[in-house]
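Architecture and fold: a report
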Amino acid sequence: MESFRIDKTHLKDTVVAQKPDWFCYGIDAVLLADFAVKNMPSSADSQMQVLDLCSGNAIVPVLMAKTPSAKSICSYTAVEVQEQVFYLAKKSIELNNLENSIKPVCADLCHLEGVIPAGSFDAVTVNPPYMVNGSGRQSSNRQKMIARQEILCTLRDVVSAAKFALKEGGSFFMINRANRRKEIFALFDEFNFCRVEYRLVKPKTDKEATMILVKAQGTGADGLPETGHGKSFEPVKHSDLIVYGDDGKYTGEVNEIYGRV
C-alpha cells in the first residue's frame, strides 16, 4: 500500500487515513454520522449493532464511535469492497484506537449472505455512490469513480443489503442526492420499509436542495403495519438543514454539528 495522509477531523483526538488523490470525505459523511447518532433507535440490549455500508476509509463509523453520546452503546461493522480503500479503513480504526468498537470487513454488499448474519443489526448507515454509472463527471481515477458512480453497486443493491442486514424494526440511515428522493422512497416501499423520515439539505435558504438525509424503519417497529407490495406510506418531512447563511459562513446548526458552538 502506498503512503497515505492522516487528517484531523472536527472531533477532538479523532483522525482519518486518506489518500488525497482518491476520494476524501466531506460534509455529507459528517451530516450522516450526526443524523444517525441523533436518531438512533433505542434498544433493550446493552450494546447496539450498527452496520456501515460503502464504508470507504470508515469515516462514518469512526465519527459515530467517537461521539460521546453514542460510543459506549454501539458496536460497528464497516463494509468496504475495494481492498486498497479497505486498508485505509483499517488504518483509520487503528489510529483512533477503535479496534474493540469497529470491525472492518472487506466484502461486496451485493453478496453479504455468509459474510454477516441476516437480520442481526439494529441500524445500517450508508453514504453510497450518488450517480448512475456513466452520468456526471468522468475520471480516469477508478477509486474516485467507484465512490461517485454506481459501478460496483446500485441504489437498489444498497437498499436490498440494508434490508438483509437489519433486524425486524431496525433503522436505515442514508444520505444521497436530493433529486433521487422519489427513487429512494419507491425502493423503500418495494423492500417493505415504513415510517420514513427525511431532511433536505440546502446550500442556502433560497437554493434548491442538493442532498437528502433519510431514516427508514422496517416492519415490526412499534407494531407498524406492513408496507410495500402496492401499499403506500407517507414520508415525514422535517425542517430543511441549511448549510450556509447569507454571510457565506456555516449556519448555527452546522456549526453545532461540527462542535464549534
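The rules behind these values
- All chains use their own residue numbering, which begins from 1 and follows the written sequence.
- Per-residue local features of the predicted model are confined to residues with pLDDT of at least 70, and side-chain atom pairs are confined, for both listing and counting, to 80 or more; whole-chain, interface and lining totals are unaffected and use all residues.
- The side-chain values count all of the structure's non-hydrogen atoms but skip hydrogen atoms and water molecules.
- Secondary structure elements follow DSSP: runs of H or I of four or more residues count as helices, runs of E of two or more count as strands, with numbering from the N terminus.
- Here's how the labels work: a residue is buried when its accessible area is under 20% of the maximum for its type, exposed when over 50%, partly exposed in between, all with a 1.4 Å probe on protein chains only.
- Two residues form a contact once any of their heavy atoms are found within 4.5 Å.
- Paired strands, in this sense, are two strands between which DSSP finds at least two bridges.
- Axis angles are defined between N-to-C directions and span 0 to 180 degrees, where every axis is a line fitted to C-alpha atoms and, for a helix, only to the segment in contact.
- When an angle is under 35 degrees it counts as roughly parallel; over 145 it counts as roughly antiparallel; between 65 and 115 it counts as roughly perpendicular; any other value is oblique.
- By convention the crossing between two helices is left-handed if the near helix lies anticlockwise of the far one by an angle smaller than a right angle, and right-handed if it lies clockwise.
- The nonpolar class holds Ala, Val, Leu, Ile, Met, Phe, Trp, Tyr, Cys and Pro. Asp, Glu, Lys and Arg form the charged class, and all remaining residues, Gly among them, are polar.
- pLDDT expresses how confident the predictor is about each individual residue, on a scale running from 0 to 100.
- In this tally, Lys and Arg are treated as positive and Asp and Glu as negative; His is ignored, and so are the chain termini.
- One speaks of a salt bridge when a side-chain nitrogen belonging to Lys or Arg is within 4 Å of a carboxyl oxygen belonging to Asp or Glu.
- Whenever a nitrogen or oxygen atom comes within 3.5 Å of another N or O atom, the pair is scored as a polar contact, on the condition that within protein one atom can donate a hydrogen and the other can accept it, and that pairs from neighbouring residues in sequence are kept only if both atoms are in side chains.
- By arc we mean the arc of the directions from the helix axis to the C-beta atoms, nothing more.

A count of helical and extended segments in the chain gives seven helices and 11 strands. Out of the 261 residues belonging to the chain, those deemed buried represent 52%. Of all intrachain contacts in the chain linking residues separated by at least 6 positions in sequence, the fraction that spans at least 24 positions is 72%.

Attention now moves to the pairing of strand β7 (residues 166–177). Within β7, nine of the 12 residues are buried, which leaves it mostly tucked inside the rest of the structure. As judged from the seven bridges shared by β7 and strand β9 (residues 211–218), these two strands associate in the antiparallel manner. Residue R177 lies in a different strand from β9, and its bridge partner there is M211.

Note on placement: F23 falls in the loop between β2 (15–18) and α1 (27–38). A residue is classified by how much of its surface remains accessible, and F23, at 44% relative accessible area, is partly exposed. Considering only alpha carbons, one finds F23 and V85, 62 residues apart in sequence, at a separation of 9.5 Å.

Our focus in this paragraph is the packing of α1 against helix α2 (residues 59–66). Closest axis-to-axis distance for the α1/α2 pair is 9 Å, and the angle between their directions is 45°. Regarding the angle of α1 to α2, the classification is oblique. Along this stretch, α1 crosses α2, giving a crossing that reads as right-handed. On the side of α1, the interface is formed by A29, V30, L32, A33, A36 and V37, while α2 contributes I59, V60, L63 and M64. Counted by class, the contact of α1 with α2 contains 10 nonpolar, no polar and no charged residues.

Attention shifts here to the environment of N39. Inspection of the secondary structure puts N39 in the loop between α1 and β3 (48–53). Ignoring sequence-local partners within four residues, the contact set of N39 consists of F173 and K215.

Right, let's talk about the confidence of the model for the chain for a bit. Taken residue by residue, the chain gives an average pLDDT of 88. The fraction at 70 or more is 83%. Within the chain, the lowest mean pLDDT, 63, falls on helix α4 (residues 142–148), and the highest, 98, falls on strand β11 (residues 241–242).

On to the side chain of K215, then. Checked against the element boundaries, K215 lands in strand β9. This buried residue, K215, is left without a salt bridge; E197 holds the nearest opposite charge, at 4.6 Å. Here N39 takes part through its backbone oxygen, which lies 3.0 Å from a polar atom of the side chain of K215. If near-sequence neighbours (up to four positions away) are discounted, K215 is found in contact with F35, N39, S171, F172, F173, R195, V196 and E197.

Following both chains from N to C, one finds helix α5 (residues 155–165) and helix α6 (residues 181–190) inclined at 40°, their axes separated by 10 Å at the closest point. Between α5 and α6, the crossing angle belongs to the class labelled oblique. As α5 runs across α6, the sense of the crossing is right-handed. For the pair α5 and α6, contact is made by L155, R156 and V159 and by E183, I184, L187, F188 and E190, respectively. Of the residues that constitute the contact of α5 with α6, the class distribution is five nonpolar, no polar and three charged.

Within the structure shown, the criterion is met by 11 salt bridges. The partner of K91 in a salt bridge is E94, and the shortest N-O contact between them spans 3.5 Å. A residue pair is termed a helical-turn pair when its members lie 3 or 4 positions apart in one helix, as K91 and E94 do in helix α3 (residues 83–95) at three residues. A salt bridge links E253 to R199; the shortest N-O distance between them is 2.7 Å. Of this pair, E253 sits in helix α7 (residues 252–257) while R199 sits in strand β8 (residues 193–202), placing them 54 residues apart in sequence.

The subject of this paragraph is α5. All of the buried residues in α5 are L155, V158, V159, A161, A162 and A165. For α5, the angular spread of buried residues about the axis comes to 160°, placing them on one side. Turning to α5, the residues buried within the fold contact β3, β6 (121–126), β7, α6 and β8.

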